[in-house]
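Single-letter residue listing:
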Amino acid sequence: MPAAAGNGSDVRRMEIRAYRPDDCAALTELFYETVHSVNAADYSPEQLDAWATGSVDEAGWNASFLRHTTRIAEIDGEIVGFADMDESGYLDRLYVHRDHQRKGAARALTDALECAVDAEKYTTHASVTARGFFERRGWRVVRAQQVIRHGAVLTNFVMERENPK
């Protein structure tokens, strides 16, 4: 599904497509780089290292991507973001490359998932960094929570949005 890339100065076209297993390695790399760059304003280096260790179970991620509805954002054949949602409407992962923030990829990915997954409501565990994005799209915070990863405490937010159908 083609989607116009964000701001007016970006004349490239963004393509939203389904996940393919050969995407997995690129997605794990994009995940690590995004966490360690984009989220660095809101989390400490220790928290970033705990969240994205650099060691991902690719077979496990691939299986998860295949079980979920997973979409990839590409610009000129380059993967710039990805997102996946399970059949209940839980948005598991949403990551956009640091060079493509605020250009429409996250919006296009979430729109594509919400069109593909007809759930009563959508839920996610949003990072401090992503909270504003979701709030601007009509999601509300259900509660803040602390999660422990590799001994580090990270704050995130359980968020939800009713399906407007």
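Data block above holds the structure.
Residues numbered from 1 in each chain as written. Predicted model: local features only at pLDDT ≥ 70, side-chain atom pairs only at ≥ 80, totals over all residues. Heavy atoms only, no water.

Peer 1: Could you give an account of the overall build of the protein chain, with specific residues and numbers?
Peer 2: Of regular secondary structure, the protein chain possesses five helices and eight strands. For the protein chain, the succession of helices and strands along the chain, N to C, is β-β-α-α-α-β-β-β-α-β-α-β-β. A compact globule built from 165 residues would reach a C-alpha radius of gyration of about 15 Å, and the protein chain, at 15 Å, matches this within 12%. With the principal axes as the frame, the protein chain shows a C-alpha extent of 40 × 35 × 35 Å. Within the protein chain, contacts between residues separated by at least 24 positions form 62% of all contacts whose residues are at least 6 apart in sequence. Total accessible area on the protein chain is roughly 8,500 Å²; 47% of this is exposed by carbon and sulfur atoms. Across the protein chain, the centroid of the 20 positively charged side chains sits 5 Å from that of the 26 negatively charged ones. (Helix = DSSP H or I, 4+ residues; strand = E, 2+ residues; numbered from the N terminus. Rg over C-alpha atoms; globule rule 2.2 N^0.38 Å. Contact = heavy atoms within 4.5 Å. Areas by Shrake-Rupley, 256 points an atom, 1.4 Å probe, with all protein chains shown as cover. Lys, Arg positive; Asp, Glu negative; His and termini not counted. Charge placed at Lys NZ, Arg CZ, Asp CG, Glu CD.)

Peer 1: How would you explain the pairing of strand β4 (residues 78–85) if you had to name every residue and give the values?
Peer 2: Along any regular strand, the residues point their side chains to alternate faces of the sheet. With respect to burial, β4 is a largely interior element, seven of its eight residues being buried. Note that strand β3 (residues 69–75) and β4 share seven bridges and pair antiparallel. By the bridge assignment, R71 is partnered in β4 with A83. What sits between β3 and β4 in their antiparallel hairpin is a turn of two residues, with D76 showing a positive phi close to 50 degrees. Across five bridges, β4 lies against strand β5 (residues 90–96) in antiparallel orientation. In the strand pairing of β5, M85 is matched with L91. In textbook terms, the turn of a hairpin is the stretch between consecutive antiparallel strands, and for β4 and β5 this stretch comprises four residues, one of which, G89, has a positive phi near 100 degrees. (Buried < 20%, exposed > 50% of the residue type's maximum accessible area, 1.4 Å probe, protein only. Pairing = 2+ DSSP bridges.)

Peer 1: Describe helix α1 (residues 24–38), with residues and values.
Peer 2: Between its first and last C-alpha, α1 extends 20 Å over 15 residues, near the 21 Å set by a 1.5 Å rise per residue. Where α1 is buried, its residues contact α2 (45–51), α3 (58–67), β3, β4 and β5. (Expected span 1.5 Å × (residues − 1).)

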